[in-house]
Amino acid sequence: MNRRNVLWSAVSALGAAFGASSAKAATEAPSSNKLKVVYHLSDAEKVNFVLGNVQNHIDGVGGPEHVTIALVIHGPALKAFHWAQANPDISKRVGDFSKDGVELAACGNTMKAQNVTLTDLLPGFVSAEKGGVVRLAELQSQGYLYLRP
């Protein structure tokens, strides 16, 4: 009988521990497998490369519903997104990204330096009022993974 009591006690303790961990898991918010990624673009010569990376990322995860992407642009790269001088391929990509929910953030400091407003940029841009690097830091503090191709 002693063995039976020991065995019963062990099974009961294991069941109680399993029940407690299941209850804890049930009350916690489900974790999302959706990655949050921020791309950093400042080099004018890398505009097409980075836009290609963003598209490859969207395609690679199975579509925009599987990833949250932000693209923060500052410095010389922002000139490629001026509405008056953007090439048709860049205009199309920006339009597609905007439809896919990609945040397109233009550095407020760069906009001032280049004497442009949001209306001078391709449609879909928002202003990173405090600056591109501040926006990058904000997004990283919100759990975004940082990529600078």
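One can find the structure itself at the top, above this paragraph.
Residues numbered from 1 in each chain as written. Predicted model: local features only at pLDDT ≥ 70, side-chain atom pairs only at ≥ 80, totals over all residues. Heavy atoms only, no water.

Engineer: Account for the nonpolar core, with residues named and values stated.
Structural biologist: Judged by nonpolar contacts, the single largest core of 27 residues is most densely connected at L41, L71, I73, F81 and F125. The set of elements that each furnish at least two residues to this core consists of β1 (35–41), α2 (47–60), β2 (67–73), α3 (88–99) and β3 (103–107). Sort the elements by how many residues they give to this core and α2 lands first, with 5 residues. Formed by 8 residues, the second largest nonpolar core is a distinct cluster that contains V38, A70, A128 and L136. (Core = buried A, V, L, I, M, F, W, Y, C linked by side-chain atoms within 4.5 Å. Buried < 20%, exposed > 50% of the residue type's maximum accessible area, 1.4 Å probe, protein only. Helix = DSSP H or I, 4+ residues; strand = E, 2+ residues; numbered from the N terminus.)

Engineer: How would you explain the sheet that holds strand β4 (residues 125–128) if you had to name every residue and give the values?
Structural biologist: A sheet is described by the order of its strands in space; here 5 strands give the open sequence β4-β3-β2-β1-β5, paired in parallel fashion. Edge positions in the sheet fall to β4 and β5 (145–147), since each has one partner strand and no second. Averaged over all adjacent pairs, the angle separating strand axes in this sheet is 25°, with direction ignored. Here 7 bridges tie β1 to β2, and the two strands are oriented parallel to one another. By the bridge assignment for β2, Y39 is matched with L71. Running at roughly 170° to β1, α2 makes contact with β1, β2 and β5 of the sheet. (Pairing = 2+ DSSP bridges. Axes fitted to C-alpha atoms, helices over the stretch in contact; angles between N-to-C directions. Contact = heavy atoms within 4.5 Å.)

Engineer: Give a detailed account of the side chain of H74, specifying residues and quantitative values.
Structural biologist: With respect to the helices, strands and loops of the structure, H74 is situated in the loop between β2 and α3. Residue H74 is classed as buried on the basis of its relative accessible area of 17%. At 2.7 Å, the side chain of H74 and the side chain of H40 are in polar contact. Not counting the four nearest positions on each side in its chain, H74 is found in contact with H40, L41, S42, C107 and T110. (Polar contact = N/O pair within 3.5 Å; in protein donor to acceptor, adjacent residues only side chain to side chain.)

Engineer: Outline the pairing of β3, supporting the account with residue identities and numerical values.
Structural biologist: Across the 5 residues that make up β3, a large majority, 4, are buried. By the bridge criterion, 4 bridges tie β2 to β3 in an arrangement that is parallel. The residue bridging I73 from the neighbouring strand is A106, located in β3. Read as a crossover between parallel neighbours, the route from β2 over α3 to β3 is right-handed. Regarding the hand of the β-α-β motif, the stretch spanning β3, helix α4 (residues 108–113) and β4 is right-handed. (Right-handed = clockwise from strand over helix to strand, strands pointing away.)

Engineer: Outline the packing of α2 against α3, listing residues and values.
Structural biologist: Running from amino to carboxyl end, α2 crosses α3 at an angle of 35°, the nearest separation of the two axes being 11 Å. The two elements α2 and α3 meet at a crossing, and its hand is left-handed. On α3, the residues that touch V47, N48, L51, G52, V54, Q55 and I58 of α2 are D89, I90, R93 and F97. For the contact of α2 with α3, the per-class residue count stands at 6 nonpolar, 3 polar and 2 charged. (Left-handed = near helix turned anticlockwise from the far one by under 90°. Nonpolar A, V, L, I, M, F, W, Y, C, P; charged D, E, K, R; others polar.)

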